Amino acid sequence: MPRFAANLTMMYTEHAFLDRFAAASADGFAAVEYLFPYDFDRAELARRLADNDLIQVLFNAPPGDWNAGERGLASLPGREDEFRRDFTTLALPYAEALKSPRVHVMAGLVPAGGDRAAMQDVYLKNLAWAAEQAATAGIDVLIEPINTRDIPNFFLNRQDQAHAVIDAVGASNLKVQMDLYHCQIVEGDVAMKLRQYIPTGRVGHIQIAGVPERHEPDLGELNHPYLFALLDELGFDGHVGGEYRPKAGTSEGLGWFKPYRR
């Protein structure tokens, strides 16, 4: 049976952020993820996890100026020092304090007239460096293909593109964050993508949402119970993050989750 994590950035927004841990635990989740922890003290977040018998499975490295529209630094020429500083002074200390085994590194946006070849070179070098730093703490670095409808001009969009990056870097702790919502929008054929990539051992985390509205996974065009059974068949032992926007209240929309709750 898949192990599920509640994404506290998108789910439980009817509660203040620090209260979402208790809400997720009360609904039967044993794990959580979210976009960014950096507005909160590490010790306070760790206490919320412990008090609610939760584990942290994923969060994002600093993405640059999020409020100004930046969506990652890893592929941006000229921002290498900033990327590496934030990874070592923020992402890794938070991962260690929260005992998170994974940190997602966002690739960034391709600017108008951007040189994709130059960006690819920077991306590979930054990822190799980040994976080396994270390996000393036993942490995986994840990269995620994201559709350009939700994030226009995002550098990394397809599963084959992400796996080619993994091959090029060659670090055992660099893996793919496979979001089935993004995969369906960009590529489709989700089940066959799972059959292709899960057996490689290079998929470190999976995320789900209903397509196309990004509501609960029991809404929309994907058959998630079939896909969950397929993950079991393929032996996927990681977590599946619910990264969706509840249509009308988080707890009220958890009918999809009831067969899987702890």
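Above this text you will find the structure in question.
Residues numbered from 1 in each chain as written. Predicted model: local features only at pLDDT ≥ 70, side-chain atom pairs only at ≥ 80, totals over all residues. Heavy atoms only, no water.

### Things to note about the nonpolar core
The tendency in soluble globular proteins is for nonpolar side chains to be buried as a group. Our working definition: The set of buried Ala, Val, Leu, Ile, Met, Phe, Trp, Tyr and Cys residues whose side-chain atoms join them within 4.5 Å is what this entry labels a nonpolar core. When accessible area is computed with a 1.4 Å probe and restricted to protein chains, residues below 20% of their type maximum are described as buried, those above 50% as exposed, and intermediate ones as partly exposed. The contact definition used throughout considers only heavy atoms, calling two residues in contact when any of these lie within 4.5 Å.
F21, F29, F87, L194 and I206 are the most contacted members of the largest nonpolar core, which has 82 residues in total. For L194, the residues in contact, after removing those within four places along its chain, are M178, L180, P199, I206, L227, L230, L231 and L234. Core analysis: the next-biggest nonpolar cluster, separate from the first, contains five residues, A5, V57, L58 and L142 among them.

### Observations concerning the layout of surface pockets
Our working rule: Using only the protein atoms, space was sampled on a 1 Å grid; points where a 1.4 Å probe fits but cannot get out form cavities, open sets with protein on both sides within 12 Å along at least five of seven lines form pockets, and lining residues are those with an atom within 4 Å of a point. Grid points are joined across faces, edges and corners, and a volume is the space filled by probe spheres set on the points. We call Asp, Glu, Lys and Arg charged. Ala, Val, Leu, Ile, Met, Phe, Trp, Tyr, Cys and Pro are nonpolar, and the rest, Gly among them, are polar.
Empty space within the largest pocket amounts to approximately 330 Å³. Lining the largest pocket we find 22 residues, and of these L35, W66, I151, R214 and E243 sit closest to its centre. In terms of residue class, the lining of the largest pocket is made up of eight nonpolar, seven polar and seven charged. Approximately 260 Å³ is the volume found for the second largest pocket. Around the second largest pocket sit T9, F17, L35, F36, Y38, D39, F40, P62, P63, G64, W66 and L90, which together line it. Taken together, the residues of the lining of the second largest pocket sort by class into nine nonpolar, two polar and one charged.

### Considering the sheet that holds strand β4 (residues 102-104)
How we decide: When DSSP finds at least two bridges between two strands, those strands are taken to pair. Secondary structure elements are taken from DSSP: a helix is a run of H or I of four residues or more, a strand is a run of E of two residues or more, and numbering for both begins at the N terminus. Orientation is described by axes fitted as lines to C-alpha atoms, over the contacting stretch for helices, and by angles from 0 to 180 degrees between their N-to-C directions.
Taken in spatial order, the eight strands line up as β1-β2-β3-β4-β5-β6-β7-β8 and close into a barrel, and their pairing is parallel. Taking the axes of each pair of neighbouring strands and ignoring which way they run, one obtains an average angle of 30 degrees across the sheet. The sheet contact formed by strand β1 (residues 3-7) and strand β8 (residues 239-242) spans four bridges and is parallel. Looking at the pairing, A6 lines up with G242 of β8. The strands that helix α4 (residues 116-135) touches are β5 (140-143) and β6 (174-179); relative to β5, the one it contacts most, it runs at about 150 degrees.

### Some words on the pairing of β8
Side-chain alternation along β8 places H239 and G241 on one buried face and V240 and G242 on a second face that is also buried. The pairing of strand β7 (residues 203-208) with β8 spans three bridges and is parallel. Bridged to Q207 within β8 is G241.

### Section: unusual backbone geometry
Residue P212 follows V211 across a cis peptide bond; omega there is 15 degrees. Relative to the helices and strands, P212 resides in the loop between β7 and α8 (224-234). A positive phi is found at R214, a non-glycine position, where the angle reads about 65 degrees. With respect to the helices and strands, R214 occurs in the loop between β7 and α8.

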